[in-house]
Amino acid sequence: MSYIPFARKYRPKTFSELIGQEIPATILKNAFLYDKIHHAYIFAGHKGTGKTTTARIFSKVINCLNPKDGEPCNECQNCKAIDSGSFIDIVEMDAASNRGIDEIRNIKDGASYMPMQGKKKIYIIDEAHMLTKEAFNALLKTIEEPPPSLMFILCTTEFDKIIPTIQSRCQKIVFSKASKQNIKKYLSYIATKEYITIDEESLELLAELSDDSMRDGASLLDQANTYANGNVSIDILKDMFGPVDRESIRTFLRLLIEAKTKDAISIVQKINEKGYNLRLFWENIYKELKNILRAFAVEEPTDEFYKSMISKPLETFLYLEDVISQGFSAMYQKDAFLALEISILKASLIKDFVSISEVLNKGFSVKKPETPPAEEPKPKTASKEYPEEVENVLEVFKPAKIVNYEEK
Ligand SMILES: [Zn+2]
């Protein structure tokens, strides 16, 4: 049997298996139980949060021969056919590659036939925001008044790109981003099932690298497991993704705060040379910096690292936040390594920072230079009333000198 990637193998098959999407699951389950199924839905939310998976579960319970408590049985011929993708009445379409009017015409033609195997004919349109305006308009009439045996589920990561006339004809279901905690839970479940040894810190890091997506998390674990052959550790992950673990990130942040520019640049240089993802590294730096900023708002953070950080002036971190976020946009415009090098140089100005409270407590004391710089002797002039530039201009308009004849 060919290898099934984790993201597919451990895809939820019932509403209760969906982690972190209790609200969409309850809405859809109740819609089925109390016969309040809408004719068109938009499932909106971040990538990898289970929109298409939920669309399949919903399609399954609607067409299941023995549904139980609002869940599909996963045993009947319809459930099995839907799981294997061979159920004729459920049509999945990827709008990213089929975005034109012809594809929508095919849907309209197909929609005029009654379901052949199941109770409802369901069209699941993935990445629906990619449809052209013409395609949306062609779909409008069918979505507005479909026959009772027809249903649409539009899945999208960009709800705002769906034209308002379609939006208003569909029921919107929002899928929240996968929390780090839930991704960890999911990965830990897969690890147990697959007999993978993985420690808490590595799970934490994988969840961190998952970009708020369950699917990305499962793919990363899959990749790490293939590399580590069943024993995933922090060292393995560092080998694969570079110094993106918490300790390495904190070490780098300390270098920035202490203005140890040379050491910081050398780390980025190594990441670049080894071909690791510089952006990923910078993202993790930014995330941890945001955690430090949050720690300022918390009474007494329990983490020792944050405790030591908040003893420094807040201005330091606000400045650093600005420099690091500018680094992101610069990475797109120029060579990524160069952009980060410049950001590190900018960050080195931190050493000249004095906190506002320090200034208020001690007052300004401007240190005088040991030997004052030699100044050009200036001609004696009366104290100036205006700034120099203005004085220069006024000079032109001064009345001619009155000669005192008695002096002669
Ligand atoms: Zn069934």
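Parameters and conventions
- Residues numbered from 1 in each chain as written.
- Predicted model: local features only at pLDDT ≥ 70, side-chain atom pairs only at ≥ 80, totals over all residues.
- Helix = DSSP H or I, 4+ residues; strand = E, 2+ residues; numbered from the N terminus.
- Buried ≥ 20, exposed ≤ 12 C-beta atoms within 10 Å, placed from the backbone.
- Core = buried A, V, L, I, M, F, W, Y, C linked by C-beta atoms within 7 Å.
- Contact = placed C-beta atoms within 7 Å.
- Right-handed = clockwise from strand over helix to strand, strands pointing away.
- Pairing = 2+ DSSP bridges.
- Axes fitted to C-alpha atoms, helices over the stretch in contact; angles between N-to-C directions.
- Parallel < 35°, antiparallel > 145°, perpendicular 65-115°, else oblique.
- Left-handed = near helix turned anticlockwise from the far one by under 90°.
- Nonpolar A, V, L, I, M, F, W, Y, C, P; charged D, E, K, R; others polar.

*Asks:* Can you help me understand the overall build of the chain in this one?
*Replies:* On a plain count of helices and strands, the chain comes out with 19 helices and 7 strands. For the chain, the residues scored as buried account for 30% of the 408 residues in total.

*Asks:* I'm lost on the nonpolar core in this one. Help?
*Replies:* Proteins that are soluble and globular tend to have nonpolar side chains buried together. The biggest cluster of nonpolar side chains holds 46 residues, and the ones touching the most others in it are L187, L206, L221, F252, L256, I285 and L289. Not counting chain neighbours up to four residues away, the residues in contact with I285 comprise I249, F252, L253 and I324. In this structure, I57, C79, A128 and L154 belong to the second largest nonpolar core, which totals 40 residues.

*Asks:* Is there a simple way to explain the pairing of strand β3 (residues 121-126) in this structure?
*Replies:* Two faces, one strand: in a regular strand the side chains alternate between the faces of the sheet. Where burial is concerned, most of β3 is hidden: 6 out of the 6 residues are buried. Of the two faces of β3, both are covered, the one formed by K121, Y123 and I125 as well as the one formed by I122, I124 and D126. Viewed along the sheet, the connection from strand β2 (residues 90-94) through helix α5 (residues 101-111) into β3 turns out right-handed. Pairing analysis gives 5 bridges linking β3 to strand β4 (residues 150-156), with the strands arranged parallel. Pairing of I124 across the sheet is with I153, part of β4. Following the chain from β3 across helix α6 (residues 133-144) to the adjacent parallel β4, one finds a crossover that is right-handed.

*Asks:* Any chance you could explain the environment of C79 here in plain terms?
*Replies:* With respect to the helices and strands, C79 occurs in helix α4 (residues 77-84). Along the sequence, C79 and R56 sit 23 residues apart, while their C-alpha atoms lie 9.8 Å from each other. Once residues within four sequence positions are removed from consideration, C79 is found in contact with K60, C64, P72, C73 and N74.

*Asks:* I tried to follow the sheet that holds β4 on my own but got confused; where do I start?
*Replies:* Strands in a sheet are paired, the pairing made by backbone hydrogen bonds, and the direction either parallel or antiparallel. Spatially, β2-β3-β4-β1-β5 is the arrangement adopted by the 5 strands of the open sheet, whose pairing is parallel. Strands at the two margins of the open sheet, each flanked by one partner only, are β2 and β5 (171-175). Going across the sheet, the axis of each strand differs from the next one's by a mean of 15°, ignoring polarity. Packed onto the sheet, helix α3 (residues 51-63) meets β1 (40-45), β2, β3, β4 and β5 and runs at close to 180° relative to β3.

*Asks:* What am I meant to see in unusual backbone geometry here?
*Replies:* Working note: non-glycine residues mostly have negative phi, and peptide bonds are mostly trans. Here D211, not a glycine, exhibits a phi torsion of approximately 55°, which is positive. Examined against the element boundaries, D211 turns out to sit in the loop between α9 (200-209) and α10 (214-228). Taking the number of C-beta atoms within 10 Å as the measure of exposure, D211 has 17 and is therefore partly exposed.

*Asks:* It is not clear to me how the environment of S112 should be interpreted in this structure. Could you clarify?
*Replies:* Looking at the element boundaries, S112 is found in the loop between α5 and β3. Judged by C-beta crowding, with 9 C-beta atoms within 10 Å, S112 ranks as exposed. Separated by 38 residues in the primary sequence, S112 and L150 place their C-alpha atoms 8.9 Å from one another.

*Asks:* Quick question: what am I supposed to make of the packing of α3 against α4 here?
*Replies:* Each pair of packed helices gets described by two things: the angle between the helix axes and the distance between those axes. One can describe the packing of α3 onto α4 by two numbers: an axis separation of 9 Å at closest approach and a directional angle of 155°. The angle between the axes of α3 and α4 places the two elements in the roughly antiparallel class. Considering the relative orientation of α3 and α4, their crossing is right-handed. Here R56, S59, K60 and N63 of α3 come into contact with α4, specifically with N78, C79 and I82. Of the residues belonging to the contact of α3 with α4, the class tally is 2 nonpolar, 3 polar and 2 charged.

*Asks:* What is the right way to read the packing of helix α8 (residues 180-193) against α9 from this model?
*Replies:* Here α8 crosses α9 at 120°, and the two axes come no closer than 9 Å. On the basis of their axis angle, the class for α8 and α9 is oblique. Crossing of α8 against α9: the hand is right-handed. Where α8 approaches α9, its residues K180, I183, K184, L187 and S188 are matched on the opposing element by L203, E204, L206, A207 and E208.

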